[in-house]
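As a plain string of letters, each chain reads:
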Amino acid sequence: MKRVITYGTFDLLHYGHVNLLRRAKEYGDYLIVAISTDEFNWNQKHKKCYFTYEQRKNLVEAIRYVDLVIPEENWEQKLSDVKEFKIDTFVIGDDWKGKFDFLKDYCDVVYLPRTPEISTTQIKNELKK
Ligand code: C2G
């Protein structure tokens, strides 16, 4: 079984997120999604989420490509996650290109093109108009 992991906030879930998760699943048979907790988002990523961690987890777990959701509580957990879950491939959008190359000694690292025309920030800005 080939195991894949990806990380993100996934707030105001949209088709860009789903495009990423669908392509990530193509790298294996089992996809783990580490969703940023409310505390991690607020304290480390300086992101204020519309949906709570539990609500975002509920939504992402409903996506057919996703096999397991775990909490992302800090920047440093990726290496221990890769080891603990015996990950074969780490996947994330290319806005992070190069940032996680340190994982290459432990698993494949894939940066996928983002879906260009959609973002949570854009949705929020559009709704303010
Ligand atoms: N994404 C995408 N296309 C978009 C928007 C997002 O492909 N239009 C991808 C991002 O590249 C990321 C995933 O969807 O791989 C989740 O996006 P975010 O929720 O914005 O995650 P981010 O804030 O980048 O958190 O430790 C890593 C971080 O937790 C990643």
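What counts as what
- Residues numbered from 1 in each chain as written.
- Predicted model: local features only at pLDDT ≥ 70, side-chain atom pairs only at ≥ 80, totals over all residues.
- Heavy atoms only, no water.
- Near = heavy atom within 4 Å.
- Polar contact = N/O pair within 3.5 Å; in protein donor to acceptor, adjacent residues only side chain to side chain.
- Areas by Shrake-Rupley, 256 points an atom, 1.4 Å probe, with all protein chains shown as cover.
- Helix = DSSP H or I, 4+ residues; strand = E, 2+ residues; numbered from the N terminus.
- Nonpolar A, V, L, I, M, F, W, Y, C, P; charged D, E, K, R; others polar.
- Pairing = 2+ DSSP bridges.
- Axes fitted to C-alpha atoms, helices over the stretch in contact; angles between N-to-C directions.
- Contact = heavy atoms within 4.5 Å.

If you check an unreviewed UniProt entry, the chain appears there as Glycerol-3-phosphate cytidylyltransferase from Hornefia butyriciproducens.

Some words on the site of the ligand
Close contacts around the ligand come from 21 residues, with K47, E72, K78, T115 and I118 the closest. Residue K47 places a side-chain N or O atom 2.4 Å away from an oxygen atom belonging to the ligand. In the environment of the ligand, a nitrogen atom lies 2.6 Å from a nitrogen or oxygen atom belonging to the backbone of I118. Alone, the ligand offers 630 Å² of accessible surface; in the complex the protein occludes 95% of this. Secondary-structure elements contributing two or more residues to the shell around the ligand are β1 (3-8), α1 (15-25) and β4 (89-93). The biggest single contributor to the shell around the ligand is α1, with 3 residues. For the shell around the ligand, a count of residues per class yields 7 nonpolar, 8 polar and 6 charged.

Here's the deal with the sheet that holds strand β5 (residues 108-112)
Spatial strand order, β3-β2-β1-β4-β5: 5 strands in an open sheet with parallel pairing. What marks the edges here is a single partner per strand, and that holds for β3 (68-72) and β5. The mean inter-strand angle of the sheet, taken between neighbouring strand axes irrespective of direction, is 25°. In the packing of α1 onto the sheet, the strands contacted are β1, β2 (30-36), β4 and β5, and the crossing angle to β2 comes to about 145°. Against the sheet, helix α3 (residues 53-61) touches β2 and β3, its axis set at about 160° to β2.

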